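Structural overview
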Amino acid sequence: MHFQWYPGHMTKAVRGMREDIKLIDVVIELVDARCPMSSKNPDIDDIAKNKSRILLLNKADMADEKVTAQWKKYYENQGFFVHAVNSTKRNELKIVNSLIQSACKEKIERDRKRGILNRPVRAMIVGIPNVGKSTFINSFSGKACTKTGNKPGVTKGKQWVRINKSVELLDTPGILWPKFEDQTVGLRLAFIGSIKEELLQRVEISLDFIDFVRETYPGTLKEKYSVEEIGEASDILMKIAENRNFVKKGNEIDYEKAAATILDEFRHTKLGRITVERPQES
Ligand code: G4P
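About the cut-offs
- Residues numbered from 1 in each chain as written.
- Predicted model: local features only at pLDDT ≥ 70, side-chain atom pairs only at ≥ 80, totals over all residues.
- Heavy atoms only, no water.
- Helix = DSSP H or I, 4+ residues; strand = E, 2+ residues; numbered from the N terminus.
- Buried < 20%, exposed > 50% of the residue type's maximum accessible area, 1.4 Å probe, protein only.
- Contact = heavy atoms within 4.5 Å.
- Areas by Shrake-Rupley, 256 points an atom, 1.4 Å probe, with all protein chains shown as cover.
- Phe/Tyr/Trp six-rings, centres within 6.5 Å; stacked < 30°, edge-to-face > 60°.
- Lys NZ or Arg CZ within 6 Å of the ring centre and 35° of its normal.
- Expected span 1.5 Å × (residues − 1).
- Arc of directions from axis to C-beta.
- Near = heavy atom within 4 Å.
- Polar contact = N/O pair within 3.5 Å; in protein donor to acceptor, adjacent residues only side chain to side chain.
- Nonpolar A, V, L, I, M, F, W, Y, C, P; charged D, E, K, R; others polar.
- Core = buried A, V, L, I, M, F, W, Y, C linked by side-chain atoms within 4.5 Å.
- Domains from an automatic or database assignment.
- Pairing = 2+ DSSP bridges.
- Salt bridge = Lys/Arg side-chain N within 4 Å of Asp/Glu carboxyl O.

1. A word on the overall build of the protein chain
Helix and strand content of the protein chain: 11 helices and eight strands. Classification of the 282 residues of the protein chain by burial places 47% in the buried group. Counted over contacts in the protein chain with a minimum sequence separation of 6, partners at least 24 positions apart contribute 69%. Per element, the accessible surface of the protein chain, about 15,000 Å² overall, is 50% carbon and sulfur.

2. Considering the packing of aromatic side chains
All told, the structure shown has 10 aromatic pairs when counted by the stated rule. Between the aromatic rings of Tyr74 and Tyr75, the centroid separation amounts to 5.0 Å while the plane-to-plane angle is 85 degrees, which identifies the pairing as edge-to-face. With 6.3 Å between their ring centres and 35 degrees between their planes, Phe191 and Phe212 make a pair best called tilted. Of this pair, Phe191 sits in helix H7 (residues 183–192) while Phe212 sits in helix H8 (residues 199–216); the two residues are 21 residues apart in sequence, bridging distant segments of the chain. Grouping residues by exposure puts Phe191 and Phe212 together as buried. What links up through ring pairs into an aromatic cluster is the set Phe191, Phe209, Phe212, Tyr217 and Phe266. Cation over ring: Arg122 sits above Trp160, and NZ or CZ is 3.9 Å from the ring centre.

3. Let's talk about helix H3 (residues 65–77)
In this model H3 runs 19 Å from its N-terminal to its C-terminal C-alpha over 13 residues, within 8% of the 18 Å that 1.5 Å per residue would give. Of all the positions in H3, only Val67, Thr68, Trp71 and Tyr75 are classed as buried. Along the long axis of H3, the arc covered by the buried residues comes to 100 degrees, so they all point the same way. Of the exposed residues in H3, the ones pointing more than 90 degrees away from its buried face are Glu65, Lys66, Lys73 and Asn77. Considering only its buried residues, H3 is in contact with strand S2 (52–58) and strand S3 (81–84).

4. Some thoughts on helix H11 (residues 255–267)
When the terminal C-alpha atoms of H11 are compared, their 18 Å separation across 13 residues agrees well with the 18 Å that a helix rising 1.5 Å per residue should span. Following H11 by one or two positions, Thr269 has its phi on the positive side, about 60 degrees.

5. A few points about the site of the ligand
Close to the ligand lie 15 residues, the nearest being Asp61, Ser87, Lys133, Ser134 and Thr135. Interatomic distance of 3.1 Å between a side-chain N/O atom of Asn86 and an oxygen atom of the ligand. If the ligand stood free it would expose 720 Å²; the protein chains cover 59% of that surface. For the shell around the ligand, the element with the highest residue contribution is helix H6 (residues 133–141), accounting for three residues. Grouping the constituent residues of the shell around the ligand by class yields four nonpolar, eight polar and three charged.

6. A word on the nonpolar core
Within the largest apolar cluster, 82 residues are counted, with the highest numbers of intra-cluster contacts made by Ile21, Ile28, Leu56, Ile100, Phe136 and Phe209. Both of domain 1 (8–171) and domain 2 (201–281) provide at least three residues apiece to this core.

7. Side note on the pairing of strand S7 (residues 167–170)
Neither face of S7 is exposed, since Val167 and Leu169 on one face and Glu168 and Leu170 on the opposite face are all buried. The pairing of strand S4 (residues 121–127) with S7 spans three bridges and is classified as parallel. Directly across from Val121, in S7, lies its bridge partner Val167. Relative to S7, strand S6 (residues 160–164) runs antiparallel, the two being bridged by four bridges. Directly across from Val161, in S7, lies its bridge partner Leu169. The turn joining S6 and S7, which pair antiparallel and follow one another in sequence, is formed by two residues.

8. Quick look at the pattern of salt bridges
Overall, the coordinates contain 21 salt bridges when judged by the stated rule. Residues Arg278 and Asp64 are paired through a salt bridge, measuring 3.8 Å at the closest nitrogen-oxygen approach. Within this pair, whereas Arg278 is found in the segment after H11, its partner Asp64 is found in the loop between S2 and H3, the two being separated by 214 residues in sequence. Assigned by exposure class, Arg278 and Asp64 land together as buried. Here Arg214 makes a salt bridge to Asp211, at a shortest N to O gap of 2.8 Å. Of this pair, Arg214 and Asp211 both sit in helix H8, three residues apart, roughly one helical turn. Its relative accessible area of 34% is what places Asp211 among the partly exposed residues. One continuous salt-bridge network, built from bridges that share partners, spans Asp25, Lys107, Asp111 and Arg119.

9. Remarks on the environment of Glu232
If you trace the backbone, Glu232 turns up in the loop between helix H9 (220–225) and helix H10 (233–243). With relative accessibility at 54%, the residue Glu232 sits in the exposed group. Put simply, Glu232 and Ile210 are 22 residues apart on the chain and 9.5 Å apart in space, counted from C-alpha to C-alpha.

Bear in mind that shape data such as this cannot, by itself, settle questions of function.
So, in structure tokens, the structure goes:
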């Protein structure tokens, strides 16, 4: 199975990000808590080297809490300041302020020694498409925020959102692309719906998903679709289609519809909170 991602935009995106990053103190990277490795582009580690790094396991409300805790440890061991968040809940993002203060402790201390007091820390959000960057920026900045910069005749350039007296956020996120050297990365991103699958691939993706779920979360398919989790994944898909009465014209089984249904229900957390990769496998 081959997945494509707009490679033409890559160079431009990286160039822009390298410029933006010069202006900021801390990079806040969003990854999807359901696949925190596959939804992370390792190139950011180079682009953001020498910067304070925060990693947010976003959409944590959809992920398996136990595994999220493992990922938190995993990335903390790599030197990130890590937190699991649900960006749609403004209240849950308050913690990010203290995370920023901890991540920028050295810079704040350096400023203080130079007599610079209360200079806000400048932060930037980065992440792959659909990971929740805009949602995070909206929730984190809230309605009461004030925009600075880019006023006519004053400063031309970046828009900064003043979060509070100690943090300013660049209002345009840095978009990263997923890295596809390994096909399992593409597959996991396809599971969570981060890359558009072709109609033809949907059945194949769902078969891989069925195999993954029955092994890692046994009982889930049985409970949701009343199927026995034995035999080939294609048999299970067929049973699901039958149970849901998915038939095409001519009484043919509609595998595509069954595949789309499983993936859609997973992506809307109707199969429960499922994480598709674990730290030790990656
Ligand atoms: P982006 O800027 O990084 O591209 O992502 P964006 O904020 O647009 O978020 C993509 C989708 O993910 C949105 O759903 C958004 O509501 C959802 N989302 C973001 N953060 C969280 C989170 O922490 N928890 C949950 N449950 N959802 C989150 P959408 O507009 O409905 O799009 P879709 O669901 O149709 O993809």
